[in-house]
Amino acid sequence: MKRLRMLLTMVLACGLVAAMLHAESAPPRTPNELALTPPMGWNTWNRFGCKINEKLIRQAADAMVSSGMRDAGYVYIVIDDCWQGERDAKGNIRPDPLRFPSGMKALGDYIHAKGLKFGIYSDAGQLTCGKRPGSWGHEYQDARTYASWGVDYLKYDWCSTYTQDAPSTYTTMSDALRATGRPIVFSICEWGVNKPWLWAKNVGNLWRTTDDIYDHWSGQDGYQHSVLAILDLQVGLDGFAGPGHWNDPDMLEVGNGGMSNVEYQSHFSLWAMLAAPLMAGNDLADMSAETKAILTNREVIAVDQDPLGIEASRVAKQGDYEVWARPLKGGGRAVLLLNRSATAHAITVDWADLNLPASLRMKVRDLWTHKDLPAARGSFTANVPSHGVAMLRME
(Lines give C-alpha, C1' and ligand atoms only; values in the text may rest on other atoms or scores of the structure.)
Protein backbone atom coordinates (compact mmCIF):
# COMPACT_ATOMS: atom_id res chain seq x y z
CA MET A 1 0.00 0.00 0.00
CA LYS A 2 2.85 2.36 0.86
CA ARG A 3 4.47 1.66 -2.52
CA LEU A 4 1.15 2.36 -4.26
CA ARG A 5 0.80 5.71 -2.47
CA MET A 6 4.34 6.64 -3.48
CA LEU A 7 3.57 5.72 -7.09
CA LEU A 8 0.38 7.81 -7.10
CA THR A 9 2.27 10.72 -5.58
CA MET A 10 4.89 10.50 -8.33
CA VAL A 11 2.21 10.36 -11.04
CA LEU A 12 0.41 13.38 -9.62
CA ALA A 13 3.67 15.30 -9.30
CA CYS A 14 4.60 14.51 -12.89
CA GLY A 15 1.17 15.64 -14.04
CA LEU A 16 1.50 18.90 -12.15
CA VAL A 17 4.96 19.53 -13.61
CA ALA A 18 3.66 18.79 -17.10
CA ALA A 19 0.77 21.20 -16.64
CA MET A 20 3.14 23.89 -15.38
CA LEU A 21 5.47 23.37 -18.33
CA HIS A 22 2.55 23.55 -20.74
CA ALA A 23 1.32 26.77 -19.13
CA GLU A 24 4.79 28.25 -19.36
CA SER A 25 5.19 27.22 -23.01
CA ALA A 26 1.78 28.50 -24.11
CA PRO A 27 2.27 31.92 -25.70
CA PRO A 28 0.48 34.80 -23.97
CA ARG A 29 -2.52 36.23 -25.78
CA THR A 30 -1.63 39.44 -27.54
CA PRO A 31 -3.83 42.36 -28.64
CA ASN A 32 -5.29 42.18 -32.14
CA GLU A 33 -4.36 45.88 -32.61
CA LEU A 34 -7.95 46.84 -33.47
CA ALA A 35 -10.27 49.47 -31.92
CA LEU A 36 -7.44 51.58 -30.55
CA THR A 37 -10.11 54.19 -29.90
CA PRO A 38 -13.69 53.26 -28.95
CA PRO A 39 -15.66 51.98 -31.98
CA MET A 40 -18.24 54.36 -33.44
CA GLY A 41 -21.17 53.34 -35.59
CA TRP A 42 -24.83 52.37 -35.64
CA ASN A 43 -26.70 49.23 -34.58
CA THR A 44 -30.20 48.11 -35.58
CA TRP A 45 -31.42 46.78 -32.21
CA ASN A 46 -32.47 49.73 -30.04
CA ARG A 47 -34.79 51.21 -32.66
CA PHE A 48 -35.82 48.28 -34.86
CA GLY A 49 -35.31 45.05 -32.88
CA CYS A 50 -36.10 42.10 -35.15
CA LYS A 51 -37.89 44.26 -37.75
CA ILE A 52 -34.94 44.48 -40.13
CA ASN A 53 -34.23 43.83 -43.80
CA GLU A 54 -31.64 44.73 -46.39
CA LYS A 55 -33.54 47.83 -47.57
CA LEU A 56 -33.42 49.25 -44.03
CA ILE A 57 -29.69 48.58 -43.77
CA ARG A 58 -28.97 50.25 -47.10
CA GLN A 59 -31.04 53.28 -46.07
CA ALA A 60 -29.10 53.49 -42.81
CA ALA A 61 -25.79 53.38 -44.68
CA ASP A 62 -26.98 56.13 -47.01
CA ALA A 63 -28.14 58.25 -44.07
CA MET A 64 -24.88 57.70 -42.19
CA VAL A 65 -23.14 59.45 -45.06
CA SER A 66 -25.70 62.15 -45.92
CA SER A 67 -26.20 63.19 -42.28
CA GLY A 68 -22.50 63.85 -41.77
CA MET A 69 -22.20 61.09 -39.18
CA ARG A 70 -19.59 59.20 -41.19
CA ASP A 71 -17.46 62.33 -41.40
CA ALA A 72 -17.89 62.81 -37.63
CA GLY A 73 -16.35 59.35 -37.05
CA TYR A 74 -19.19 56.82 -37.21
CA VAL A 75 -18.09 53.97 -39.46
CA TYR A 76 -19.73 50.68 -38.41
CA ILE A 77 -23.15 49.59 -39.70
CA VAL A 78 -24.00 46.68 -37.39
CA ILE A 79 -26.87 44.29 -38.11
CA ASP A 80 -28.04 42.89 -34.78
CA ASP A 81 -30.18 39.79 -34.13
CA CYS A 82 -32.77 38.26 -36.51
CA TRP A 83 -30.83 38.44 -39.78
CA GLN A 84 -30.23 34.68 -39.70
CA GLY A 85 -32.06 32.05 -41.72
CA GLU A 86 -31.24 28.35 -41.44
CA ARG A 87 -27.95 26.51 -41.78
CA ASP A 88 -27.44 24.70 -45.08
CA ALA A 89 -26.67 20.99 -45.47
CA LYS A 90 -23.00 21.63 -44.64
CA GLY A 91 -23.84 23.65 -41.54
CA ASN A 92 -23.06 27.05 -43.05
CA ILE A 93 -25.16 29.90 -41.68
CA ARG A 94 -27.32 31.66 -44.26
CA PRO A 95 -29.26 34.94 -44.03
CA ASP A 96 -33.04 35.00 -43.94
CA PRO A 97 -33.89 34.77 -47.68
CA LEU A 98 -37.01 36.93 -47.34
CA ARG A 99 -35.36 39.74 -45.43
CA PHE A 100 -31.96 39.62 -47.13
CA PRO A 101 -32.57 38.20 -50.62
CA SER A 102 -29.38 39.71 -52.06
CA GLY A 103 -27.23 38.00 -49.45
CA MET A 104 -24.77 39.37 -46.94
CA LYS A 105 -21.79 39.63 -49.27
CA ALA A 106 -23.70 42.04 -51.53
CA LEU A 107 -24.88 44.03 -48.51
CA GLY A 108 -21.37 44.22 -47.12
CA ASP A 109 -20.10 45.43 -50.50
CA TYR A 110 -22.75 48.18 -50.50
CA ILE A 111 -21.71 49.29 -47.01
CA HIS A 112 -18.01 49.26 -47.90
CA ALA A 113 -18.66 51.29 -51.06
CA LYS A 114 -20.00 54.06 -48.81
CA GLY A 115 -16.70 54.24 -46.95
CA LEU A 116 -18.22 52.39 -43.99
CA LYS A 117 -17.56 49.08 -42.23
CA PHE A 118 -19.83 46.06 -41.92
CA GLY A 119 -20.85 44.59 -38.57
CA ILE A 120 -22.92 41.52 -37.76
CA TYR A 121 -24.30 39.65 -34.75
CA SER A 122 -24.23 36.12 -33.41
CA ASP A 123 -24.57 34.33 -30.10
CA ALA A 124 -22.34 32.03 -28.06
CA GLY A 125 -25.20 29.58 -27.48
CA GLN A 126 -27.16 27.27 -29.74
CA LEU A 127 -29.80 29.97 -30.24
CA THR A 128 -29.62 33.75 -30.33
CA CYS A 129 -31.78 35.89 -28.06
CA GLY A 130 -34.23 36.11 -30.99
CA LYS A 131 -34.28 32.29 -31.28
CA ARG A 132 -32.24 32.19 -34.48
CA PRO A 133 -29.27 29.81 -34.94
CA GLY A 134 -26.35 30.68 -32.68
CA SER A 135 -22.69 29.82 -33.20
CA TRP A 136 -22.18 27.14 -30.51
CA GLY A 137 -20.22 24.33 -32.18
CA HIS A 138 -19.84 26.35 -35.41
CA GLU A 139 -17.40 29.04 -34.26
CA TYR A 140 -14.65 28.51 -36.84
CA GLN A 141 -17.16 27.80 -39.59
CA ASP A 142 -19.12 30.97 -38.85
CA ALA A 143 -15.98 33.08 -38.54
CA ARG A 144 -14.86 31.93 -42.01
CA THR A 145 -18.31 32.74 -43.38
CA TYR A 146 -18.29 36.23 -41.87
CA ALA A 147 -14.83 36.89 -43.27
CA SER A 148 -15.97 35.79 -46.74
CA TRP A 149 -18.82 38.32 -46.50
CA GLY A 150 -16.41 41.12 -45.61
CA VAL A 151 -17.50 41.48 -41.98
CA ASP A 152 -15.43 43.96 -39.94
CA TYR A 153 -17.16 43.71 -36.53
CA LEU A 154 -18.87 40.89 -34.61
CA LYS A 155 -21.21 41.42 -31.67
CA TYR A 156 -21.38 38.10 -29.78
CA ASP A 157 -24.29 37.63 -27.36
CA TRP A 158 -24.82 35.29 -24.38
CA CYS A 159 -28.33 33.79 -24.69
CA SER A 160 -28.98 30.02 -24.50
CA THR A 161 -25.53 29.40 -23.00
CA TYR A 162 -26.70 27.60 -19.82
CA THR A 163 -23.61 25.97 -18.23
CA GLN A 164 -21.04 27.25 -20.74
CA ASP A 165 -17.89 28.85 -19.37
CA ALA A 166 -17.72 32.45 -20.56
CA PRO A 167 -13.92 32.96 -20.79
CA SER A 168 -13.31 29.77 -22.76
CA THR A 169 -16.39 30.26 -24.94
CA TYR A 170 -15.42 33.77 -25.94
CA THR A 171 -11.79 32.77 -26.38
CA THR A 172 -12.86 30.11 -28.88
CA MET A 173 -14.63 32.66 -31.06
CA SER A 174 -11.78 35.13 -30.61
CA ASP A 175 -9.36 32.52 -31.92
CA ALA A 176 -11.73 31.65 -34.75
CA LEU A 177 -11.89 35.29 -35.86
CA ARG A 178 -8.10 35.63 -35.74
CA ALA A 179 -7.70 32.42 -37.75
CA THR A 180 -9.58 33.98 -40.69
CA GLY A 181 -6.79 36.48 -41.23
CA ARG A 182 -9.35 39.29 -41.53
CA PRO A 183 -9.28 42.14 -38.97
CA ILE A 184 -12.63 41.79 -37.18
CA VAL A 185 -13.42 43.83 -34.06
CA PHE A 186 -14.84 41.49 -31.40
CA SER A 187 -17.64 42.83 -29.18
CA ILE A 188 -18.30 40.63 -26.13
CA CYS A 189 -21.94 40.91 -25.06
CA GLU A 190 -22.36 38.74 -21.96
CA TRP A 191 -23.86 41.64 -19.93
CA GLY A 192 -21.09 41.78 -17.34
CA VAL A 193 -22.33 38.58 -15.68
CA ASN A 194 -18.87 36.98 -15.55
CA LYS A 195 -16.92 40.23 -15.01
CA PRO A 196 -15.24 40.23 -18.42
CA TRP A 197 -13.11 43.24 -17.48
CA LEU A 198 -11.06 40.76 -15.44
CA TRP A 199 -10.30 38.31 -18.29
CA ALA A 200 -11.28 39.70 -21.70
CA LYS A 201 -8.55 42.28 -22.36
CA ASN A 202 -6.89 40.31 -25.17
CA VAL A 203 -9.94 38.19 -26.00
CA GLY A 204 -12.26 40.95 -27.23
CA ASN A 205 -12.03 44.63 -28.04
CA LEU A 206 -15.00 45.64 -25.92
CA TRP A 207 -17.20 43.98 -23.36
CA ARG A 208 -20.61 44.81 -21.97
CA THR A 209 -20.57 45.80 -18.32
CA THR A 210 -24.33 45.64 -17.66
CA ASP A 211 -27.65 44.29 -18.86
CA ASP A 212 -29.42 46.06 -21.73
CA ILE A 213 -30.05 49.79 -21.79
CA TYR A 214 -33.55 51.16 -22.26
CA ASP A 215 -34.70 54.62 -23.23
CA HIS A 216 -35.12 56.11 -19.74
CA TRP A 217 -33.15 58.59 -17.65
CA SER A 218 -33.50 56.74 -14.33
CA GLY A 219 -34.88 53.51 -12.93
CA GLN A 220 -34.80 49.87 -13.93
CA ASP A 221 -37.32 47.56 -15.63
CA GLY A 222 -36.38 43.93 -15.09
CA TYR A 223 -33.11 43.34 -16.92
CA GLN A 224 -33.34 46.75 -18.62
CA HIS A 225 -31.30 49.59 -17.13
CA SER A 226 -31.68 53.35 -17.50
CA VAL A 227 -28.85 55.77 -18.23
CA LEU A 228 -28.24 56.56 -14.55
CA ALA A 229 -28.55 52.91 -13.47
CA ILE A 230 -25.87 51.97 -15.99
CA LEU A 231 -23.71 54.93 -15.02
CA ASP A 232 -23.62 53.84 -11.38
CA LEU A 233 -22.42 50.38 -12.42
CA GLN A 234 -19.40 51.90 -14.18
CA VAL A 235 -17.90 53.28 -10.97
CA GLY A 236 -14.64 51.45 -10.30
CA LEU A 237 -14.24 49.95 -13.76
CA ASP A 238 -12.17 52.74 -15.31
CA GLY A 239 -8.84 51.01 -14.66
CA PHE A 240 -9.74 48.08 -16.91
CA ALA A 241 -10.27 50.06 -20.13
CA GLY A 242 -7.75 51.35 -22.63
CA PRO A 243 -6.76 51.34 -26.30
CA GLY A 244 -8.05 48.14 -27.91
CA HIS A 245 -10.07 47.00 -24.87
CA TRP A 246 -13.07 49.02 -23.75
CA ASN A 247 -15.80 48.86 -21.14
CA ASP A 248 -19.13 48.91 -23.00
CA PRO A 249 -22.12 50.38 -21.11
CA ASP A 250 -24.34 49.45 -24.11
CA MET A 251 -25.55 51.35 -27.14
CA LEU A 252 -26.90 54.87 -27.38
CA GLU A 253 -30.60 55.70 -27.09
CA VAL A 254 -30.22 59.27 -28.38
CA GLY A 255 -33.21 60.20 -30.56
CA ASN A 256 -35.49 57.28 -29.73
CA GLY A 257 -38.07 59.41 -27.91
CA GLY A 258 -38.01 58.23 -24.31
CA MET A 259 -35.95 61.10 -22.91
CA SER A 260 -35.69 64.87 -23.33
CA ASN A 261 -33.01 66.45 -25.48
CA VAL A 262 -31.28 67.65 -22.29
CA GLU A 263 -31.19 64.04 -21.04
CA TYR A 264 -29.95 62.78 -24.41
CA GLN A 265 -27.21 65.39 -24.34
CA SER A 266 -26.23 64.16 -20.88
CA HIS A 267 -26.38 60.51 -22.02
CA PHE A 268 -24.06 61.22 -24.94
CA SER A 269 -21.69 63.29 -22.81
CA LEU A 270 -21.44 60.61 -20.12
CA TRP A 271 -20.70 57.87 -22.66
CA ALA A 272 -17.97 60.06 -24.17
CA MET A 273 -16.45 60.61 -20.74
CA LEU A 274 -16.53 56.84 -20.15
CA ALA A 275 -14.52 56.23 -23.33
CA ALA A 276 -17.47 54.07 -24.36
CA PRO A 277 -18.17 52.77 -27.85
CA LEU A 278 -20.52 55.26 -29.49
CA MET A 279 -23.03 53.04 -31.28
CA ALA A 280 -26.07 55.09 -32.30
CA GLY A 281 -29.39 53.26 -32.09
CA ASN A 282 -31.90 55.66 -33.63
CA ASP A 283 -33.56 55.81 -37.06
CA LEU A 284 -30.83 57.49 -39.07
CA ALA A 285 -33.14 58.07 -42.02
CA ASP A 286 -35.62 60.04 -39.85
CA MET A 287 -33.47 62.06 -37.48
CA SER A 288 -34.35 65.43 -35.94
CA ALA A 289 -31.96 68.35 -36.12
CA GLU A 290 -31.55 68.15 -32.32
CA THR A 291 -30.61 64.47 -32.44
CA LYS A 292 -28.15 65.06 -35.26
CA ALA A 293 -26.56 67.95 -33.36
CA ILE A 294 -26.02 65.75 -30.32
CA LEU A 295 -24.63 62.77 -32.21
CA THR A 296 -22.28 64.86 -34.35
CA ASN A 297 -20.84 67.18 -31.68
CA ARG A 298 -17.20 66.82 -32.67
CA GLU A 299 -15.82 68.40 -29.52
CA VAL A 300 -17.58 65.80 -27.37
CA ILE A 301 -16.63 63.02 -29.78
CA ALA A 302 -12.98 64.13 -29.52
CA VAL A 303 -13.09 63.42 -25.78
CA ASP A 304 -14.46 59.93 -26.40
CA GLN A 305 -11.80 59.32 -29.06
CA ASP A 306 -8.87 60.79 -27.12
CA PRO A 307 -5.86 58.61 -27.97
CA LEU A 308 -4.79 58.21 -24.34
CA GLY A 309 -7.92 56.10 -23.90
CA ILE A 310 -8.28 56.78 -20.17
CA GLU A 311 -11.85 56.31 -18.97
CA ALA A 312 -13.31 58.95 -16.67
CA SER A 313 -13.77 58.32 -12.98
CA ARG A 314 -16.22 59.93 -10.59
CA VAL A 315 -14.02 62.26 -8.57
CA ALA A 316 -16.67 63.98 -6.43
CA LYS A 317 -20.26 63.33 -5.37
CA GLN A 318 -22.58 65.31 -3.12
CA GLY A 319 -26.02 63.77 -3.29
CA ASP A 320 -27.40 64.36 -6.79
CA TYR A 321 -24.42 66.47 -7.87
CA GLU A 322 -21.38 64.73 -9.34
CA VAL A 323 -18.05 65.52 -10.97
CA TRP A 324 -16.49 63.14 -13.49
CA ALA A 325 -13.04 63.71 -14.97
CA ARG A 326 -10.49 62.11 -17.30
CA PRO A 327 -7.01 63.15 -18.45
CA LEU A 328 -6.50 63.95 -22.12
CA LYS A 329 -3.52 63.76 -24.40
CA GLY A 330 -1.44 66.89 -24.04
CA GLY A 331 -2.06 67.28 -20.33
CA GLY A 332 -5.58 68.69 -20.32
CA ARG A 333 -8.67 67.39 -18.54
CA ALA A 334 -12.20 66.62 -19.64
CA VAL A 335 -14.57 67.47 -16.78
CA LEU A 336 -18.28 66.78 -16.55
CA LEU A 337 -20.60 68.29 -13.96
CA LEU A 338 -23.75 66.15 -13.61
CA ASN A 339 -27.03 67.27 -12.04
CA ARG A 340 -29.25 64.25 -11.34
CA SER A 341 -31.84 66.33 -9.45
CA ALA A 342 -35.19 67.82 -10.52
CA THR A 343 -34.00 71.45 -10.35
CA ALA A 344 -31.10 73.46 -11.70
CA HIS A 345 -28.14 73.73 -9.35
CA ALA A 346 -24.63 75.18 -9.19
CA ILE A 347 -21.92 72.50 -9.21
CA THR A 348 -18.25 73.12 -8.49
CA VAL A 349 -15.15 71.20 -9.46
CA ASP A 350 -12.17 71.83 -7.20
CA TRP A 351 -8.68 71.45 -8.60
CA ALA A 352 -7.98 69.03 -5.74
CA ASP A 353 -10.54 66.67 -7.33
CA LEU A 354 -8.39 66.75 -10.47
CA ASN A 355 -5.10 66.23 -8.60
CA LEU A 356 -3.99 69.70 -9.67
CA PRO A 357 -2.44 72.47 -7.58
CA ALA A 358 -4.89 75.16 -6.47
CA SER A 359 -2.61 77.86 -7.88
CA LEU A 360 -2.87 76.51 -11.44
CA ARG A 361 -4.71 78.73 -13.92
CA MET A 362 -6.72 76.69 -16.44
CA LYS A 363 -8.40 77.63 -19.70
CA VAL A 364 -12.02 76.44 -19.79
CA ARG A 365 -14.07 75.55 -22.87
CA ASP A 366 -17.75 74.55 -22.86
CA LEU A 367 -18.13 71.66 -25.32
CA TRP A 368 -21.87 72.16 -25.86
CA THR A 369 -21.99 75.93 -26.36
CA HIS A 370 -18.63 75.73 -28.19
CA LYS A 371 -17.43 78.76 -26.29
CA ASP A 372 -14.29 79.59 -24.36
CA LEU A 373 -15.18 80.59 -20.80
CA PRO A 374 -13.14 82.80 -18.45
CA ALA A 375 -10.02 81.05 -17.20
CA ALA A 376 -10.23 79.68 -13.68
CA ARG A 377 -7.85 79.12 -10.76
CA GLY A 378 -8.45 76.61 -7.95
CA SER A 379 -12.03 75.73 -8.87
CA PHE A 380 -14.75 76.23 -11.43
CA THR A 381 -18.52 76.51 -10.90
CA ALA A 382 -21.35 76.20 -13.42
CA ASN A 383 -25.11 76.32 -13.12
CA VAL A 384 -26.29 72.95 -14.45
CA PRO A 385 -29.89 72.31 -15.52
CA SER A 386 -32.01 69.50 -14.11
CA HIS A 387 -30.86 66.15 -15.56
CA GLY A 388 -28.23 68.10 -17.45
CA VAL A 389 -24.47 68.37 -17.62
CA ALA A 390 -21.78 70.93 -18.13
CA MET A 391 -19.06 69.29 -20.20
CA LEU A 392 -15.75 71.12 -20.14
CA ARG A 393 -12.28 70.87 -21.56
CA MET A 394 -9.64 72.37 -19.28
CA GLU A 395 -6.05 73.04 -20.30
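Residues numbered from 1 in each chain as written. Predicted model: local features only at pLDDT ≥ 70, side-chain atom pairs only at ≥ 80, totals over all residues. Heavy atoms only, no water.

**Let's talk about the environment of A166**
Along the chain, A166 turns up in helix α7 (residues 166-179). Given the relative accessible area of 1%, A166 is considered buried. Along the primary structure A166 and A124 are separated by 42 residues, whereas in three dimensions their C-alpha atoms are 8.8 Å apart. (Helix = DSSP H or I, 4+ residues; strand = E, 2+ residues; numbered from the N terminus. Buried < 20%, exposed > 50% of the residue type's maximum accessible area, 1.4 Å probe, protein only.)

**Here's the deal with the packing of aromatic side chains**
Taken as a whole and assessed by the stated rule, the structure comprises 9 aromatic pairs. Centroid distance Y170 to F186: 6.1 Å. Interplanar angle 45°. Geometry classified as tilted. In this pair, Y170 sits in helix α7 while F186 sits in strand β7 (residues 185-188), placing the two residues 16 residues apart along the sequence. Judged by relative accessible area, F186 falls into the buried class, the value being 1%. An aromatic cluster is defined as three or more aromatic residues linked by ring pairs; in this entry it consists of Y156, W158, Y170, F186 and W199. (Phe/Tyr/Trp six-rings, centres within 6.5 Å; stacked < 30°, edge-to-face > 60°.)

**Let's talk about unusual backbone geometry**
Backbone geometry at E33 places phi at a positive 65°, although glycine is not the residue there. The topology assignment puts E33 in the loop between α1 (2-25) and β1 (40-43). With a phi angle near 50°, Y162 is a residue other than glycine that sits in the positive phi range. Counting through the fold element by element, Y162 comes out in the loop between β6 (153-157) and α7.

**Overview of the sheet that holds strand β11 (residues 246-248)**
Strand pairing in a sheet takes place through backbone hydrogen bonds and is either antiparallel or parallel in direction. Taken in spatial order, the 8 strands of this open sheet run β11-β8-β7-β6-β5-β2-β1-β12, and their pairing is parallel. The sheet is open, and its two borders are formed by β11 and β12 (278-280), each paired with just one other strand. Direction aside, neighbouring strands of the sheet carry axes that sit 25° apart on average. The sheet contact formed by strand β8 (residues 206-208) and β11 spans 3 bridges and is parallel. (Pairing = 2+ DSSP bridges. Axes fitted to C-alpha atoms, helices over the stretch in contact; angles between N-to-C directions.)

**Examining the pattern of salt bridges**
Under the criterion given, the structure shown has 20 salt bridges. Across the pair R29 and D175 runs a salt bridge, and its minimum N-O distance is 2.7 Å. Of the two residues, R29 sits in the loop between α1 and β1 while D175 sits in helix α7, which places them 146 residues apart along the sequence. Note on R29: relative accessible area 29%, which makes it partly exposed. (Salt bridge = Lys/Arg side-chain N within 4 Å of Asp/Glu carboxyl O.)

**Examining helix α5 (residues 104-113)**
Turning to α5, its buried residues number three or more, namely M104, L107, G108 and I111. Within α5, the buried residues cover an arc of 100° as seen down the axis, which keeps them to one side. Of the surrounding elements, those touching the buried residues of α5 are α3 (54-66), β2 (76-78), β4 (93-95), β5 (117-123) and α6 (139-149). Phi for G115, located one or two positions after α5, is positive at around 80°. (Arc of directions from axis to C-beta. Contact = heavy atoms within 4.5 Å.)

**Overview of the pairing of strand β17 (residues 361-366)**
The side-chain alternation of β17 yields one buried face, formed by M362, V364 and D366, and one unburied face, formed by R361, K363 and R365. Linking β17 back to strand β18 (residues 371-377) in an antiparallel pair, the connection comprises 4 residues, with H370 at a positive phi of about 60°. Pairing analysis gives 3 bridges linking β17 to strand β20 (residues 389-394), with the strands arranged antiparallel. Its bridge partner being in β20, D366 is matched across the sheet by L392.

**A few points about the confidence of the model for the protein**
Overall, the predicted model of the protein reaches an average pLDDT of 94, with 93% of residues at or above 70. Mean pLDDT values over the elements of the protein span from 38, in α1, up to 99, in β6. Across residues 1-26, confidence stays below pLDDT 50; counting only partners more than four residues off in sequence or on other chains, it has 0 contacts. (pLDDT = per-residue confidence, 0-100.)

**Focus: the sheet that holds strand β13 (residues 313-318)**
Sheet architecture is open: 6 strands sit in the order β13-β14-β15-β20-β17-β18, paired in antiparallel fashion. Whereas interior strands pair on both sides, the edge strands pair on one side only; in this sheet they are β13 and β18. The mean angle between the axes of side-by-side strands here comes to 25°, regardless of whether they run parallel or antiparallel. Sheet analysis places strand β14 (residues 321-327) next to strand β15 (residues 333-339), joined by 7 bridges and oriented antiparallel. When the sheet's bridge partners are listed, R326 is paired in β15 with A334. Where helix α9 (residues 261-273) meets the sheet, its contacts fall on β14, β15 and β20, and the angle it forms with β15 comes to roughly 140°.

**Thoughts on the state of the cysteines**
Across all of its chains, the model carries 2 disulfides by this definition. The partner cysteine of C50 in its disulfide is C82, sulfur to sulfur 1.8 Å. A residue pair is termed long-range when its members are at least 10 positions apart, and C50 in the loop between α2 (45-48) and α3 and C82 in the loop between β2 and β3 (84-87) qualify at 32 residues. The disulfide partner of C129 is C159, and the S-S distance across this bridge is 2.0 Å. Of note, the bridge from C129 to C159 carries an S-S torsion of about 95° and is right-handed in sense. Of this pair, C129 sits in the loop between β5 and α6 while C159 sits in the loop between β6 and α7, and the two are 30 residues apart along the sequence. Judged by its relative accessible area of 18%, C159 is buried. Cysteine pairing for the protein, with bonded cysteines counted in sequence order: 1-2, 3-4. Of all cysteine sulfurs, the one in C129 lies closest to C189, which takes part in no disulfide; the gap is 7.2 Å. Judged by relative accessible area, C189 falls into the buried class, the value being 1%. (Disulfide = S-S within 2.5 Å.)

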